[in-house]
Amino acid sequence: MKIKNLLSKSLFSVFLLGALSPFAQAATINDVLINDQQYEAIEDLIDNNAITLDQLGNFRPNDPINKVEFIKAAFTYLGFEPEGRLNNTTGFMDVPENSWFAPYVKRALEARIINNDEETFNPGESINRQEALLMALPIYGIPTPFSQPEEDELFTDIRPTRIFSYVFKAAKTNNISFIEDENRFVPSKILTRADAAELLFKTKLASSNLNSQGGVFIESQPVKPIEISDSLENNPSFSNFVDTWNRINTYYIDKDDLDKTELIYGAISGMVEKIDDPYSSFATPEDIYNSFIYIPQNYEGIGAIIEFIEGEYIIQTTINNSPAQRAGLLSGDVIIEINGKNIQNLEEENVFELIQGKAGTTVTFKVKRNLELLNFQITREKIDLKSIHGEIIENDILYIRIDQFTENSLNEFKNTIETLEYKNYSKLILDLRNNPGGYLDSTREIMNYFLQKGETEFFTIDSDKIKREFNSKGPGTLRDYEIIVLINSGSASAAEILAGALQDHGIATVIGETTFGKGSVQELTEYDDQSVLKLTVGKWLTPNQNDISGSGIAPDIEIKLDITKQRTGEDNQLEEAIRRL
């Protein structure tokens, strides 16, 4: 079975915890100018020994790269090093076991990036851009959900009906293109060494940038071959599992009607369910398009982000000025009924079918809030998601609201504060209420405006209890401003990371209500049949090493939102922040 680490998709938005290593200083490249647009990519691959210079110090950027050179570069760039083992048999007649490239071909076979259905591999054969893309995306864990894309989701030279159009959609979505013409991919063009460097550099960057609303996700790891662990083989109950499988498929009266794939999915789902973790789950290909979808910049709906936790459908947050927010739905509300239908025993895809709908249509909810049952009728609208909103209030206060962290949030943040001429002010309100998170790289880039170089952003702890510290690159342009951060129970994940850092470093006074408390770290794995395993593998901590899982970040000054005033356009939490500044 082919395994690809997926840094992926949750109910609405996505983000990954990770960063590329700082670039080391490369040796002089004689035939590539430092101002060449592909220079950074070429330099980084050379620094990581993924592609090497020749004896004269030339990179030969326009030379074609052959199949084994590309596979070696892709795996080496991820940190793979051959173990020097003797058994590098691949089954290919033209891949000698003792050849330098046999370990890389073997690795690609183990990861199911290639197969050995043919007798020959043709290692010295040139490859085109499409062939390289089809190998690079699974190696680096870029998800490629199978569905026919719309024309505007593709490069201008790729039609929706083209084979692998969904793969090109994934490339465009993740900004994996060639700088010579970012609107065209030219899939049949022979891949040059410079193009290979750019493709791998951008694919690795995309892998680092992927993020998810369902928690914080760790960096993509090199694909490992499937092995049966000793703990499974030596478990006395494992033989029971094998025997049950054999008996069902041999003696069950309607064995010919059995769907063996569904039996396997059932076994996996049961295993994940038994670990009793609310953020770990398994989704079949049929589930995947409902349970793990991107939130588009514009979509039609109610504007609420919903989590399925411990058997309940819970409002995590509502988008600012959305129908759900205006109707009064709050973070933590447990959905009991939709359109009069009890959803307690419904599958996730059925629940989301009830929620989704066209703008102008209505949907009713019955929710449980503490011990009270409340009814809401909400008219769906077209939701226009804006990442950053800014203005000057009370003549001397910068007000910046971040609704979510998108891949473009840094540019929006920078443009917003510069348009507002931030240098003329010294007071700032940063509104992170109802911010469900998003791209962590964008969060960290914005955090650079508040933290000096070297200051701790957060820590992560993995399953082996290894702690890793993440530090700011600075320069802390806004650090000396008088800052208030607004939070509430809808502030989650990346928003909590930013609020926690500013609070722990004493840079800001935090006002509002306790945040959602999503301090988990997940790894997602997509299998070759498009099923997905989401597994909690660690957690993140604030700079003061506080674990906020389940408890959230408590404000320095607690001010509960007055819902009655909110419905008339008043905002008592913002008013308190203004008063204190």
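Residues numbered from 1 in each chain as written. Predicted model: local features only at pLDDT ≥ 70, side-chain atom pairs only at ≥ 80, totals over all residues. Heavy atoms only, no water.

1. Considering the overall build of the protein
From N to C terminus, the protein includes 17 helices and 23 strands. Here the protein holds 581 residues, and the buried ones make up 52% of them. Restricting the contact set of the protein to residue pairs at least 6 apart, pairs at least 24 apart contribute 71%. When the accessible surface of the protein is split by element, carbon and sulfur atoms take 46% of a total near 27500 Å². (Helix = DSSP H or I, 4+ residues; strand = E, 2+ residues; numbered from the N terminus. Buried < 20%, exposed > 50% of the residue type's maximum accessible area, 1.4 Å probe, protein only. Contact = heavy atoms within 4.5 Å. Areas by Shrake-Rupley, 256 points an atom, 1.4 Å probe, with all protein chains shown as cover.)

2. Regarding a nonpolar patch on the surface
A contiguous nonpolar patch, built from I248, Y252 and I253 and spanning about 320 Å² of accessible area, is present on the exposed surface. With respect to the helices and strands, the residue Y252 is situated in the loop between helix 8 (238-251) and helix 9 (260-274). Judged by its relative accessible area of 40%, Y252 falls in the partly exposed class. (Patch = residues over 30% accessible without salt bridge, like charges linked within 9 Å, V, L, I, M, F, W, Y side chains within 5 Å. Salt bridge = Lys/Arg side-chain N within 4 Å of Asp/Glu carboxyl O.)

3. Some thoughts on the nonpolar core
Ranked by size, the top nonpolar core spans 60 residues in total, and within it F70, V105, L133 and L200 carry the most contacts. Core analysis: the second largest hydrophobic core is formed by 40 residues, A494, A495, L498 and V521 among them. (Core = buried A, V, L, I, M, F, W, Y, C linked by side-chain atoms within 4.5 Å.)

4. Points about the pairing of strand 19 (residues 482-487)
Counting buried positions along strand 19 gives five out of six residues, so the element sits mostly inside the fold. As paired strands, strand 16 (residues 427-431) and strand 19 are joined by five bridges and run parallel to one another. Bridging from a neighbouring strand, D431 pairs with L486 of strand 19. Pairing analysis gives five bridges linking strand 19 to strand 20 (residues 508-512), with the strands arranged parallel. Bridge pairing links V485 to V510 in strand 20. One crossover worth recording links strand 19 to the parallel strand 20 by way of helix 15 (residues 494-504), and it is right-handed. (Pairing = 2+ DSSP bridges. Right-handed = clockwise from strand over helix to strand, strands pointing away.)

5. Focus on the packing of helix 2 (residues 67-77) against helix 4 (residues 129-139)
Running from N to C, helix 2 and helix 4 cross one another at 20°; their axes reach a closest spacing of 11 Å. Relative to helix 4, helix 2 is oriented roughly parallel. Where helix 2 crosses over helix 4, the two elements pack in a sense that is right-handed. Contacts from F70, I71, A74 and F75 of helix 2 reach helix 4 at A132, M135, A136 and I139. Partitioned by chemical class, the residues of the contact of helix 2 with helix 4 number eight nonpolar, no polar and no charged. (Axes fitted to C-alpha atoms, helices over the stretch in contact; angles between N-to-C directions. Parallel < 35°, antiparallel > 145°, perpendicular 65-115°, else oblique. Left-handed = near helix turned anticlockwise from the far one by under 90°. Nonpolar A, V, L, I, M, F, W, Y, C, P; charged D, E, K, R; others polar.)

6. Description of the packing of aromatic side chains
Counting across every chain of the model gives 14 aromatic pairs. Measuring from centroid to centroid gives 5.3 Å for F168 and F185, while their planes differ by 75°, and the two rings are edge-to-face. On the criterion of sequence distance, the pair formed by F168 in helix 5 (residues 165-173) and F185 in the loop between helix 5 and helix 6 (193-209) is long-range, its members being 17 residues apart. Comparing F168 with F185 shows no difference in burial state: the two are buried. In this structure an aromatic cluster arises from ring pairing among F75, F80, W100, F101 and Y104. Positioned over the ring face of F178 is R129, at 3.8 Å from the centre of the ring. (Phe/Tyr/Trp six-rings, centres within 6.5 Å; stacked < 30°, edge-to-face > 60°. Lys NZ or Arg CZ within 6 Å of the ring centre and 35° of its normal.)

7. Re the sheet that holds strand 15 (residues 397-402)
Across the sheet, six strands lie side by side as 14-15-16-19-20-23; this open sheet has mixed pairing. Edge positions in the open sheet fall to strand 14 (388-393) and strand 23 (557-558), since each of these has one partner strand only. Taken together, the four bridges between strand 15 and strand 16 define a ladder with parallel strand orientation. Counterpart to I400 in the pairing with strand 16 is L430.

8. Remarks on helix 15
Burial of helix 15 is extensive: 11 of the 11 residues sit out of reach of the surface. Along helix 15, the residues classified as buried are A494, A495, E496, I497, L498, A499, G500, A501, L502, Q503 and D504. Immediately downstream of helix 15, the backbone of G506 shows phi near 70°, a positive value.

9. Here we look at the environment of Q37
In this structure, Q37 sits in the loop between strand 2 (14-15) and helix 1 (39-47). Here Q37 falls in the exposed class, since its relative accessible area comes to 59%. Linking Q37 and I179, residues 142 residues apart in sequence, is a C-alpha distance of 7.2 Å.

10. Overview of the packing of helix 4 against helix 5
Orientation of helix 4 relative to helix 5, taken along the N-to-C sense of each, is 70°, at an axis distance of 11 Å. Viewed along their axes, helix 4 and helix 5 adopt a mutual orientation that is roughly perpendicular. Of the residues in helix 5, those in contact with Q130, L133, L134 and L137 of helix 4 are V167, F168, A170 and A171. Taken together, the residues of the contact of helix 4 with helix 5 sort by class into seven nonpolar, one polar and no charged.

11. So, the pattern of salt bridges
Taken as a whole and assessed by the stated rule, the structure comprises 25 salt bridges. Between D243 and R247 there is a salt bridge, with its nearest N and O atoms 2.7 Å apart. Of this pair, D243 and R247 both sit in helix 8, separated by four residues, roughly a single helical turn. According to the relative accessible area criterion, R247 is partly exposed, its value standing at 48%. The residue E576 makes a salt bridge to R579 at a minimum N-O spacing of 2.8 Å. Within this pair, E576 and its partner R579 are both found in helix 17 (residues 572-580), separated by three residues, close to a single helical turn.

12. Section: the side chain of D504
Structurally, D504 can be placed in helix 15. Put simply, D504 is tucked away with no salt bridge, and the nearest opposite charge, on R479, sits 12 Å away. There is a polar contact of 2.8 Å between the side chain of D504 and the backbone nitrogen of N544. Excluding residues within four positions of it along the chain, D504 makes contact with T542, P543, N544 and N546. (Lys, Arg positive; Asp, Glu negative; His and termini not counted. Polar contact = N/O pair within 3.5 Å; in protein donor to acceptor, adjacent residues only side chain to side chain.)

13. Regarding helix 2
Taking burial as the measure, the 11 residues of helix 2 include 10 buried ones, the bulk of the element. Buried residues of helix 2: K67, V68, F70, I71, K72, A73, A74, F75, T76 and Y77, and no others. Sitting at the amino-terminal end of helix 2 is N66, which places a side-chain oxygen 3.3 Å from the backbone nitrogen of V68. Remark: G79 follows helix 2 within two positions and exhibits a positive phi of approximately 105°.

14. Describing the confidence of the model for the protein
Per-residue confidence for the protein gives a mean pLDDT of 82, with 87% of residues at or over 70. Here residues 1-26 is a poorly scored stretch, pLDDT under 50, and it has 143 contacts once near neighbours within four places are set aside; other chains count. Low confidence marks residues 288-297, where pLDDT is under 50. Its contacts with residues over four positions away, or in another chain, come to 39 contacts. (pLDDT = per-residue confidence, 0-100.)

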